[in-house]
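Chain and residue survey
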Amino acid sequence: MAHHVPLAAHTQDRRIPGHRLGEKDMLWAWLRFARATVVAKATGLSPSQLRAKPISSQISLGGLLTHLVTVEQHWFGIVLGGQEHAMPFGAENPDGDWQVAEDDDLDSLLGRYHAACGASDEVIGSLELDSTGAQTTGDYTLRWAMVHVTMDTSRHAGHADLLRELLDGERGW
């Protein structure tokens, strides 16, 4: 970490993975790191900040959390775990997984995200990296899904960095 970049608030439980972990533990540690970064960027937001869309793409931090719940449920729950989850998007509402419900607040969104991540972790813990899990068609492995979801979550953590700075000036690594 560069010494000139401030540490973001709410990151006390976030740790860079050890350098000598085995492959699955390394992938899992970076996934947890990315998840913790997103949570840190959302922690402390007011209800209006949670829904604010300060850029033209119409992304809000609350919407980002709802999207990441869908990502976790899709890849680890449905594809690998064989679970049933209703997806909040479709032809009539292609961006449904980015929408924040009127009664959603920060605690409920973070609660759903933590629950989705916990359920994902159960699936991750039960499979070998080369496993395709519950799929009867397709060849997505746990390894592929862990890399994909880590990359997606990390990408959105970068969005969260910018959104948070635009909302209240909070910045940091």
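So, here is what we can say about the structure in this document. (Residues numbered from 1 in each chain as written. Predicted model: local features only at pLDDT ≥ 70, side-chain atom pairs only at ≥ 80, totals over all residues. Heavy atoms only, no water.)

1. Notes on the packing of aromatic side chains
Tallied over the entire structure, the rule returns 4 aromatic pairs. Ring geometry for tryptophan 30 against phenylalanine 33: centres 5.4 Å apart, planes inclined by 75°, an arrangement best described as edge-to-face. Here tryptophan 30 pairs with phenylalanine 33, and both are found in helix α1 (residues 23-42), just 3 residues apart, close to one helical turn. Ring centres of tryptophan 75 and tryptophan 144 lie 5.1 Å apart, and the angle between their planes is 55°; this geometry places the pair in the tilted category. (Phe/Tyr/Trp six-rings, centres within 6.5 Å; stacked < 30°, edge-to-face > 60°. Helix = DSSP H or I, 4+ residues; strand = E, 2+ residues; numbered from the N terminus.)

2. A look at the pattern of salt bridges
Evaluated as defined, the whole model comprises 9 salt bridges. Two residues, arginine 32 and aspartate 121, come together in a salt bridge whose shortest N-O distance is 4.0 Å. Here the residue arginine 32 occupies a position in helix α1, and aspartate 121 occupies one in helix α4 (residues 106-126), the gap between them amounting to 89 residues. Note that arginine 112 is salt-bridged to aspartate 104, the shortest N-O span being 3.0 Å. The class for arginine 112 is partly exposed, based on a relative accessible area of 36%. Since its relative accessible area comes to 8%, aspartate 104 is described here as buried. (Salt bridge = Lys/Arg side-chain N within 4 Å of Asp/Glu carboxyl O. Buried < 20%, exposed > 50% of the residue type's maximum accessible area, 1.4 Å probe, protein only.)

3. Looking at the nonpolar core
Counting 36 residues, the largest nonpolar core has Leu65, Phe76, Leu80, Tyr113, Ile124, Leu142 and Met146 as its most contacted members. Elements with a contribution of two residues or more to this core: α1, α3 (61-80), α4 and α5 (142-168). Of the residues forming this core, the biggest block, 10 residues, is contributed by α3. The contact partners of leucine 142, leaving out residues within four places of it in the chain, are Lys24, Phe76, Leu80, Ile124, Leu127, Glu128, Leu129 and Ser131. (Core = buried A, V, L, I, M, F, W, Y, C linked by side-chain atoms within 4.5 Å. Contact = heavy atoms within 4.5 Å.)

4. Structural notes on α4
End to end, α4 covers 30 Å across 21 residues, agreeing with the expected 30 Å (1.5 Å per residue, within 8%). Along α4, the positions that sit buried rather than exposed are Leu106, Leu109, Leu110, Tyr113, Ala116, Cys117, Ser120, Asp121, Val123 and Ile124. The buried residues of α4 occupy one face: seen down the axis, they fall within an arc of 160°. Along α4, exposed side chains directed more than 90 degrees from the buried face belong to Asp107, Glu122 and Ser126. The inward-facing, buried residues of α4 contact α1, α2 (47-51), α3 and α5. (Expected span 1.5 Å × (residues − 1). Arc of directions from axis to C-beta.)

5. Description of the side chain of serine 60
On the secondary structure map, serine 60 appears in the loop between α2 and α3. Serine 60 has contacts with Leu50, Arg51, Ala52, Lys53, Val100 and Leu163, leaving out every residue within four places of it along the chain.

Nothing here speaks to function; it is geometry throughout.
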